[in-house]
Amino acid sequence: MEKRAEKKRIVLVPLPLQGHITPMMQLGQALNSKGFSITVFLGEFNRISSSKHFPGFQFITIPEILPVAEVEAIGPVEFLIKLNKTSEASFKDCVSQMLIQQGNDIACIIYDDLMYFCGAAANEFKVPSIIFCTTSATHKVCNYVLSKLNAEKFLIDMEDPDLQNKVVENLHPVSFKDLPIGGFEPLERFLVLCREIITKRSACGAIINTVSCLESSSLTLLQQELGISVYPLGPLHITTKETSSLLEEDRSCIEWLNKQKPRSVIYISMGSIFDIETKEVLEMANGLCDSNQPFLWVIRPGSKPLPEEVSKMVSEKGFIVKWAPQNEVLAHPAVGGFWSHCGWNSTLESIAEGVPMICRPFNGEQKLNAMYIESVWRIGILLQGEVERGGVERAVKRLIMDEEGASMRERALVLKEKFNASVSSGGSSYNALNELVNYLETEGK
Ligand code: UDP
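Rules used throughout
Residues numbered from 1 in each chain as written. Predicted model: local features only at pLDDT ≥ 70, side-chain atom pairs only at ≥ 80, totals over all residues. Helix = DSSP H or I, 4+ residues; strand = E, 2+ residues; numbered from the N terminus. Pairing = 2+ DSSP bridges. Axes fitted to C-alpha atoms, helices over the stretch in contact; angles between N-to-C directions. Buried ≥ 20, exposed ≤ 12 C-beta atoms within 10 Å, placed from the backbone. Contact = placed C-beta atoms within 7 Å.

This part covers the overall build of the chain. Per the secondary structure count, the chain includes 19 helices and 13 strands. Dimensions of the chain along its principal axes, counting C-alpha atoms only, are 65 × 55 × 45 Å.

The structure is reproduced here in structure tokens:
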């Protein structure tokens, strides 16, 4: 009998945020194409509008998952701690029902490492589990470093500029000031979360959406810290073209891009969560208009609205959408640069199309990515401090018109080639996926 006929089932549990659901669904597709059946556990509030794009996938709702709106109410750290506390029992119920109804056929539970409540269910039902990390290996290693710190002492020590600039052991060029804590206050609670993620883990492997050519030494360090197999099999979006957007994509921007000159357009998106202050939006809008370069700007529903006169000016010189088909936009020949908040998915997506970036990060993790984009891979310009229109205009011109931007694009294109090689036969990500599949087929129940 053909192997595909006896499909093993993989349970996927993404964190219910766009930037985590997308790569998890891509992983699901990659495993599905290797012959596994896929069950996705999602919260009621986070249904994927395009689940029709995943024929054959089973979707199960975990009743207790918190609505994402809670992030705004209580902040990301408390949200994650609460989410893990409130979901553990109902997830166990769901898995237990699934085992009764569908037979004992769960080969493995793959869960977002921030959904650490899954570890308890995996232990109880003796199902193997693997964690899935949707941020960089460097970010994960930094969280290990943080988990070992004493919050109070660290904050006092950090008043010393020498410590701020000291390189974290084995993690060059990351210095203590780069440790990704911004946006996850208070530090004490964040460190509690970092420790919970580590202590509650029962997984026997870690999948990470990165490419070894980007951060090989961090991957080695991560492997040492975790002490389990690490599978760097990114960038996952290259292997699948289907969308898992929670919002409807507005494809009218592709027609608009078709009318623009090659490499002339700045694409602007701040991802799925963050919102820019009105003052900064005004400076951005004026700087972009003054640069005389066309721009495509994602302004999500629910973002602070543009003042009317700005909205008019921006619509005359650029194109605004509520949600874009980002990968298609980045692959479009008219796009010359990406103004990004440097979320990990956006970073990988931009590199995968050889598009240089203007970096405007909000939180610590994005700042770490931005530091790598500007100083390590040298494919972008970091905007720090207060943004003013003159600085915006200069950054756009540097990126799109100057030699400096052309060199960044060349380096980004070299990385693009490396990405393509990594997912092709014999490449690092290709091999990591095969090793994972081999593990799931032989070790998974
Ligand atoms: N995205 C999109 N259309 C948009 C804006 C964003 O499809 O108009 C997608 C983008 O391709 C990426 C995800 O949303 O996959 C954002 O993830 P990222 O890690 O960059 O940032 P986050 O939203 O987690 O802050």
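From this point, the narrative continues.
As a further point, take the sheet that holds strand S4 (residues 106-112). The strand order across the open sheet built from seven strands is S3-S2-S1-S4-S5-S6-S7, with neighbouring strands paired in parallel fashion. The open sheet has two edge strands, strand S3 (58-62) and strand S7 (229-232), and neither has a second partner. Taken over all neighbouring pairs, the strand axes of this sheet differ in orientation by 25 degrees on average, direction set aside. Bridge analysis of strand S5 (residues 129-133) against strand S6 (residues 205-208) gives three bridges, and the strand direction is parallel.

Turning next to unusual backbone geometry. Residue Pro173 follows His172 across a cis peptide bond; omega there is 5 degrees. With phi around 70 degrees, Cys342 is a residue other than glycine that occupies positive phi space. Structurally, the position occupied by Cys342 is in the loop between strand S11 (335-340) and helix H15 (344-352). Classification of Cys342 as buried rests on a count of 29 C-beta atoms within 10 Å.

The buried count for helix H5 (residues 137-147) comes to eight of 11 residues, which makes it a mostly enclosed element. Every buried residue of H5 is listed here: Ala137, Thr138, His139, Lys140, Val141, Cys142, Asn143 and Leu146. Against the buried residues of H5 lie S5, helix H8 (187-199), S6, helix H9 (216-226), S7 and helix H16 (364-376).

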